[in-house]
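Descriptive analysis of the structure
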Amino acid sequence: MDKYNPHIPSHKTKGLTEKQKQMLDKHAKTHSKKHIDKMIFVMTKEGKSFSVAHKIATEKVGNGHKKKSMPKKK
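In this report, the structure presented in the accompanying data block is examined. (Residues numbered from 1 in each chain as written. Predicted model: local features only at pLDDT ≥ 70, side-chain atom pairs only at ≥ 80, totals over all residues. Heavy atoms only, no water.)

Another aspect to go through is the overall build of the chain. Counting its secondary structure elements, the chain contains 3 helices and 0 strands. From first element to last, N terminus to C terminus, the chain shows the α and β order α-α-α. Residues classed as buried in the chain amount to 28% of the 74 residues present. Considering only intrachain contacts with a sequence separation of at least 6, the fraction spanning at least 24 residues in the chain is 50%. Taken as a whole, the chain presents about 5700 Å² of accessible surface, with 54% of it coming from carbon and sulfur. (Helix = DSSP H or I, 4+ residues; strand = E, 2+ residues; numbered from the N terminus. Buried < 20%, exposed > 50% of the residue type's maximum accessible area, 1.4 Å probe, protein only. Contact = heavy atoms within 4.5 Å. Areas by Shrake-Rupley, 256 points an atom, 1.4 Å probe, with all protein chains shown as cover.)

Spelled out as structure tokens, the structure:
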């Protein structure tokens, strides 16, 4: 899984507030590049909030975390 560089280039975050940029930097440490890119797209192009963008990104591309294998229930 490709982890995102936590220092997101400024050309990708044009139009976001400083708080959103800081939150994305922190968020990028534990989520995939695909997840972060989807969040940036939703926040900049669709004007959604950070939490709404996170929910959409999780639904569309996953959260980027490795899934733990759970024992199958009988």
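Still more to cover.
Contact geometry for helix α1 (residues 18–28) and helix α2 (residues 33–45): axes closest at 10 Å, N-to-C directions at 165°. It follows that α1 is roughly antiparallel to α2 by the angle criterion. Crossing hand, α1 versus α2: right-handed. Touching Gln 20, Leu 24, His 27 and Ala 28 of α1 are His 35, Ile 36, Met 39, Ile 40 and Met 43, all from α2. Partitioned by chemical class, the residues of the contact of α1 with α2 number 6 nonpolar, 3 polar and no charged. (Axes fitted to C-alpha atoms, helices over the stretch in contact; angles between N-to-C directions. Parallel < 35°, antiparallel > 145°, perpendicular 65-115°, else oblique. Left-handed = near helix turned anticlockwise from the far one by under 90°. Nonpolar A, V, L, I, M, F, W, Y, C, P; charged D, E, K, R; others polar.)

This part is about the nonpolar core. Across soluble globular proteins, nonpolar side chains have a tendency to be buried as a group. Core analysis: the biggest nonpolar cluster contains 13 residues, and Ile 8, Leu 24, Ile 36, Met 39 and Met 43 have the highest contact counts within it. Sorting the residues of this core by element identifies α1, α2 and α3 (50–61) as the ones contributing at least two each. Per-element accounting of this core gives the leading share, 5 residues, to α2. (Core = buried A, V, L, I, M, F, W, Y, C linked by side-chain atoms within 4.5 Å.)

Across all of its chains, the model carries 3 salt bridges by this definition. Here Asp 37 ties to Lys 33 by a salt bridge, and the two come within 2.8 Å at their closest N and O atoms. In this pair, Asp 37 and Lys 33 both sit in helix α2, 4 residues apart, roughly one turn of the helix. Three or more residues joined by partner-sharing salt bridges are found here, namely Lys 12, Lys 33 and Asp 37. (Salt bridge = Lys/Arg side-chain N within 4 Å of Asp/Glu carboxyl O.)

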